[in-house]
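# Inside the fold
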Amino acid sequence: MKKHGDISRRDAMKMAISLIGGLIGTALGIPAIAYIIGPALKTDQANWIRVSSLSTIELRTPMLFKPKVTRQNGWMVEEEEVGVFVLTEDGSNYIALSNICTHLGCRVRWIAEREQFLSPCHNGVFDKYGYVISGPPPRPLDEFVTKIEDGNLFIQLPAIKRTS
Ligand code: FES
């Protein structure tokens with residue numbers, strides 16, 4: 001005779017099936033959820049990109065390079081160019097400057113005769129090292145951290161904001 005509170009064989013089977021179903025659902029569900037939301041949790045991370053072989057970089061004059069970088073932002077994968085002026089005075093130490101003006105984001109140009117960078121939008125002028133000479137730019141050109149590996153120059157993204 002079944003007492004109040006006893007579990008019938010049928011109830012026990014139902015509980016066991018529910019438990020097994022729950023475990024299977026969890027085992028399948030966690031990787032599926034991680035797969036679905038994982039990319040959305042990823043953001044741009046600092047990374048190194050190769051700019052050039054050192055042998056192609058001239059001494060004492062900023063040279064413009066445009067290495068391509070692939071960014072994954074959530075589910076979006078985008079390829080873009082990074083404009084970077086590289087300057088070395090001695091072939092050992094390298095400065096890598098962003099070519100984006102710190103005023104409103106126009107691309108600066110190197111004017112060799114004047115030894116200055118010019119931002120054509122509002123006549124912002126920077127010296128050879130990216131410091132503001134005149135015009136509306138509020139701060140120097142942003143600078144990338146650099147490293148040398150196997151005869152190549154690398155920069156780390158993103159560029160660093162400099163104060164004067
Ligand atoms: S964007 Fe360069 S001076 Fe305005």
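Residues numbered from 1 in each chain as written. Predicted model: local features only at pLDDT ≥ 70, side-chain atom pairs only at ≥ 80, totals over all residues. Heavy atoms only, no water.

A separate point is a nonpolar patch on the surface. A contiguous nonpolar surface patch, about 320 Å² in accessible area, is contributed by Ile 20, Ile 24 and Leu 28. Along the chain, the position of Ile 24 falls in helix α1 (residues 9-41). (Patch = residues over 30% accessible without salt bridge, like charges linked within 9 Å, V, L, I, M, F, W, Y side chains within 5 Å. Areas by Shrake-Rupley, 256 points an atom, 1.4 Å probe, with all protein chains shown as cover. Salt bridge = Lys/Arg side-chain N within 4 Å of Asp/Glu carboxyl O. Helix = DSSP H or I, 4+ residues; strand = E, 2+ residues; numbered from the N terminus.)

With respect to topology, four strands assemble into an open sheet ordered β7-β8-β9-β10, the strand pairing being antiparallel. In this open sheet, the two edge strands, each paired with only one partner strand, are β7 (109-111) and β10 (132-134). Shown here is a sheet whose adjacent strand axes are inclined to one another by a mean of 35 degrees, direction ignored. The pairing of strand β9 (residues 124-126) with β10 spans two bridges and is classified as antiparallel. By the bridge assignment, Phe 126 is partnered in β10 with Val 132. (Pairing = 2+ DSSP bridges. Axes fitted to C-alpha atoms, helices over the stretch in contact; angles between N-to-C directions.)

What follows covers the nonpolar core. One finds Val 84, Val 86 and Ile 155 to be the most contacted residues of the largest nonpolar core, which totals 16 residues. Elements with a contribution of two residues or more to this core: β1 (47-53), β2 (63-65), β5 (84-87) and β12 (152-160). Looking at which element gives the most residues to this core, the answer is β12, with three residues. Not counting residues within four places of it along the chain, the set of residues in contact with Ile 155 comprises Asn 47, Trp 48, Ile 49, Val 51, Val 82, Val 84, Ala 96, Phe 144, Val 145 and Thr 146. The next biggest cluster of nonpolar side chains, apart from the first, holds eight residues, and it includes Leu 97, Cys 101, Val 108 and Phe 126. (Core = buried A, V, L, I, M, F, W, Y, C linked by side-chain atoms within 4.5 Å. Buried < 20%, exposed > 50% of the residue type's maximum accessible area, 1.4 Å probe, protein only. Contact = heavy atoms within 4.5 Å.)

Turning our attention to the pattern of salt bridges. Taken as a whole and assessed by the stated rule, the structure comprises five salt bridges. A salt bridge links Glu 81 to Lys 68; the shortest N-O distance between them is 3.9 Å. With Glu 81 in strand β4 (residues 76-81) and Lys 68 in strand β3 (residues 68-73), the pair connects residues that are 13 residues apart, well separated along the chain. Note on Glu 81: relative accessible area 44%, which makes it partly exposed. Between Lys 128 and Glu 89 there is a salt bridge, with its nearest N and O atoms 3.3 Å apart. Here the residue Lys 128 occupies a position in the loop between β9 and β10, and Glu 89 occupies one in the loop between β5 and β6 (95-98), the gap between them amounting to 39 residues. The exposure class assigned to Lys 128 is buried, which follows from its relative accessible area of 12%. Of the residues examined, Glu 89 reaches a relative accessible area of 28% and is grouped as partly exposed.

Taken by themselves, the reported measurements are silent on function.
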